[in-house]
Amino acid sequence: MLYGKNMIITPVDKNLILMALLSTVLLASCQDEVETETVNTDRPVTYTETKAENLSIRREFPGILAAEHKVNLSFLVPGKIIRYPIKEGQEVKKGQVISQLDNDDYTSRYDTALAEYNNLTASYERASKLRKTHYISQSDIEKIKTQKDIAAANVRLLKTALKNTQLIAPFSGVIAKNFVNNYTDIQVKQTIVSLQDNSSLKIIISVPENTTIKESQNQDSSNIKFQARFTAIPNEVFDLDIHSYETEADPVTRTYKVTLNILDTKNYQLYAGMTSKVAINIKTPSKKFYPLPISALFTRNESAIIQYVWVINEQNMVHKRRVELSYIINTHVLVISGLMENEKIVTTGVHHLRENQRVKLLSADKPLDFTSQLSPKFLSSFFMLLWR
């Protein structure tokens, strides 16, 4: 069920129930009317001119600004921080040292391992020469080689550990938050700073599962427009487009995360964490529809389901045309097939007319401003109907 203003709106697409209701009213009216005019009589009629509607659907969602690249940095080795010059909000370059641990112990262990490796390398070279004179067995050479390889692996390990006493920025960005102080003893993988790249900020919104954002090869991207208005900059609107979206709902909130690009920051300094309202404006696709008074419809005895209207030509003569209906809205119906723009349609006395009968045009009916009568739920469902 779809709900409009103080009424129930029921979708139809060759819906027998809808057609039966219309047919009952129209046929009953037809039975009470007696045809007295001839085909050549100019019958006075009121009419309406068809105007294709372009339905717009607007949704608003709370959004939050987030950096596309954000990481919490930590040391891969334990130790005491002896250098921590970085402040929150400070910009850093890729490869810049953010923090330094006391590396005396790591340097000593590395130097010892390197010396042992050099010693074993020299022993292996001497043993290889002695093997040629058969003063040493092959098995003894293999043992020395194994010891040398183990020493080499230890050197690489301790060299990496020594290197890891420095915390290096993996990309250029801004220090969002410090988590420790200088001269603090820290553990492995304890968070030291949060680094984020503010050069590429995204807006994240959570879309309910009953709202669908679709992409299709036949979709015109101009039909969907995303715009954001930040709480801190209420008088400025920023255009957006889709960067990515999740296809699995959050198990708790049952929403899907959608990430949006800001196309132009307009030289404003934006920061991660800023809140916004994101508006999604959707226009109907190329399929058009025309609102008509229900009184413009009539049926013929051969089928109570098929609906017709009288179209008035330039000579003020009427011609029967079949139409396809979509929704009833109060006293009007939405026609989705059978009409064209700016056609004159008879709205009263339709049961008195005959094919090619000339009519006299009276005042035109006022067009229906139906969008003001519709609930958001109706608009969403009607848009999805047209999208198919």
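A few words on the sheet that holds strand 7 (residues 97-101). A sheet is described by the order of its strands in space; here four strands give the open sequence 8-7-5-10, paired in antiparallel fashion. Each edge of the sheet is formed by a strand with only one pairing partner; in this case those strands are strand 8 (166-168) and strand 10 (185-186).

What follows concerns the nonpolar core. Soluble globular proteins tend to bury their nonpolar side chains together. In terms of nonpolar packing, the biggest core is built from 25 residues, with Ile81, Ile98, Ile192 and Val193 touching the most fellow members. Looking at which element gives the most residues to this core, the answer is helix 3 (residues 138-163), with four residues. Ile192 has contacts with Leu73, Ser74, Phe75, Ile81, Tyr84, Leu167, Lys177, Asn178, Phe179, Val180 and Ile186, leaving out every residue within four places of it along the chain.

Evaluated as defined, the whole model comprises eight salt bridges. Note that Glu236 and Lys266 form a salt bridge whose closest N and O atoms lie 3.0 Å from each other. Pair noted here: Glu236 is in strand 13 (residues 233-245) and Lys266 is in the loop between strand 14 (255-262) and strand 15 (275-283), with a separation of 30 residues, a long-range link. You can call Lys266 partly exposed: its relative accessible area is 33%. Several salt bridges converge on common partners, so that one network encompasses Lys145, Lys148 and Asp149.

Now for helix 2 (residues 104-132). Owing to its 3.6 residues per turn, the α-helix aligns residues three or four sequence positions apart on the same side. Compared with the 42 Å implied by 1.5 Å per residue over 29 residues, the 43 Å span of helix 2 between its first and last C-alpha is a close match. Along helix 2, the positions that sit buried rather than exposed are Tyr106, Tyr110, Ala113, Leu120, Thr121, Ser123 and Ala127. At its buried positions, helix 2 is contacted by helix 3.

What characterises a pair of aromatic rings is the spacing of the ring centres plus the angle enclosed by the ring planes. For the coordinates displayed, the defined rule picks out four aromatic pairs. Plain terms: the ring middles of Phe298 and Trp310 are 5.0 Å apart, the flat faces sit at 20° to each other, and that makes the pair stacked. Within this pair, whereas Phe298 is found in strand 17 (residues 298-300), its partner Trp310 is found in strand 18 (residues 303-312), the two being separated by 12 residues in sequence. Of the two residues examined, Phe298 and Trp310, each falls in the buried class. Three or more aromatic residues link up through ring pairs in this structure, and these residues are Phe230, Phe238 and Tyr268. Here the basic side chain of Lys148 rests over the ring of Tyr124, its NZ or CZ set 5.6 Å away from the ring centre. Taking the ring centre of Phe238 as reference, the NZ or CZ of Lys266 above it sits at 5.4 Å.

What follows covers unusual backbone geometry. The phi dihedral of Tyr183 is positive, around 65°, even though this residue is not glycine. Relative to the helices and strands, Tyr183 is located in the loop between strand 9 (173-178) and strand 10. The residue Lys189 is not glycine, and still its phi comes out positive at about 65°. Locating Lys189 in the fold gives a position in the loop between strand 10 and strand 11 (191-208). Taking relative accessible area as the criterion, Lys189 reaches 61% and is therefore assigned exposed.

Glancing now at the environment of Arg58. With respect to the secondary-structure elements, Arg58 resides in strand 4 (residues 56-74). On a C-alpha basis, the gap between Arg58 and Ile224 in space is 9.8 Å, while along the polypeptide they are 166 residues apart. Contact partners of Arg58, with chain neighbours within four places excluded, come to Ala279, Ile280 and Asn281.

Glancing now at the confidence of the model for the chain. Model confidence for the chain is summarised by a mean pLDDT of 81, while 76% of its residues fall at 70 or above. Here strand 1 (residues 2-4) stands out as the least confident element of the chain, with mean pLDDT 39; strand 8 is the most confident, with 96. For residues 1-17, every residue scores under 50 in pLDDT, and the model assigns this stretch 38 contacts once sequence neighbours within four places are set aside. Contacts for the low-pLDDT stretch residues 25-39, under 50 throughout, to residues beyond four places or in other chains number 26 contacts.

In this section: helix 3. Taking 1.5 Å of rise per residue, the 26 residues of helix 3 would be expected to cover 38 Å, and the 37 Å separating its terminal C-alpha atoms lies within 8% of that figure. Every buried residue of helix 3 is listed here: Ile141, Ile144, Lys148, Ala151, Ala152, Val155, Leu158, Ala161 and Leu162.

It is worth spelling out the environment of Arg321 at this point. Checked against the element boundaries, Arg321 lands in strand 19 (residues 318-329). Owing to a relative accessible area of 26%, Arg321 belongs among the partly exposed residues under this scheme. Taking C-alpha positions, Arg321 is 5.3 Å from Tyr308, a pair spaced 13 residues apart along the chain. If we skip the residues at most four places from it in the chain, Arg321 touches Gln307, Tyr308, Val309, Val311, Gly338, Leu339, Met340 and Glu343. Engagement of the side chain of Arg321 in a polar contact is seen with the side chain of Glu343, the distance being 2.7 Å.

This paragraph deals with the packing of helix 2 against helix 3. Packing of helix 2 against helix 3 brings their axes to within 8 Å, and their N-to-C directions diverge by 160°. Between helix 2 and helix 3, the angle falls in the class roughly antiparallel. Seen along the crossing, helix 2 lies across helix 3 with a hand that is left-handed. Of the residues in the contact of helix 2 with helix 3, the class split is 16 nonpolar, seven polar and five charged.

Reading the values: rules and limits
- Counting from 1, residues in each chain are numbered in the order their sequence is written.
- In keeping with the model being predicted, local features are shown solely for residues with a pLDDT of at least 70 and side-chain atom pairs are shown and tallied solely at 80 or more, while totals for entire chains, interfaces and linings include all residues.
- With hydrogens and water excluded, all non-hydrogen atoms of the structure serve as input to the side-chain values.
- At least two bridges found by DSSP between two strands is the condition for calling them paired.
- Secondary structure is summarised from DSSP: a helix means a run of H or I of at least four residues, a strand means a run of E of at least two, and numbering begins at the N terminus for each.
- Buried Ala, Val, Leu, Ile, Met, Phe, Trp, Tyr and Cys residues that are joined via side-chain atoms within 4.5 Å together make up what is termed a nonpolar core.
- For the exposure calls, accessible area comes from a 1.4 Å probe over protein chains only, and a residue counts as buried if that area is under 20% of its type's maximum, exposed if over 50%, partly exposed in between.
- The contact definition used throughout considers only heavy atoms, calling two residues in contact when any of these lie within 4.5 Å.
- Here, a salt bridge means any Lys or Arg side-chain nitrogen found within 4 Å of an Asp or Glu carboxyl oxygen.
- What a helix is expected to span follows from its residue count: subtract one and scale by 1.5 Å.
- A pair of aromatic rings is counted whenever rings of Phe, Tyr or Trp (Trp by its six-membered ring) have centres within 6.5 Å, and the orientation is called stacked for planes under 30 degrees apart, edge-to-face for over 60 and tilted otherwise.
- Two conditions define a charge sitting above a ring: the NZ of Lys or the CZ of Arg must be within 6 Å of the ring centre, and it must be within 35 degrees of the ring normal.
- pLDDT is a residue-level measure of predictor confidence that goes from 0 to 100.
- Under this definition, polar contacts are N or O atom pairs within 3.5 Å; protein pairs additionally need one hydrogen-donor-capable and one acceptor-capable atom, and for neighbouring residues in sequence, both atoms have to be side-chain atoms.
- Simply put, an axis is a line fit to the C-alpha atoms, just over the touching stretch for a helix, and the angle between two N-to-C directions goes from 0 to 180 degrees.
- Oblique is the label for any angle not covered by the other classes, which are roughly parallel (under 35 degrees), roughly antiparallel (over 145) and roughly perpendicular (65 to 115).
- Crossing handedness is read from the near helix: turned anticlockwise from the far helix by less than a right angle, it gives a left-handed crossing, and turned clockwise, a right-handed one.
- As a working rule, the residues Ala, Val, Leu, Ile, Met, Phe, Trp, Tyr, Cys and Pro are called nonpolar, Asp, Glu, Lys and Arg charged, and the rest polar, with Gly in that last group.

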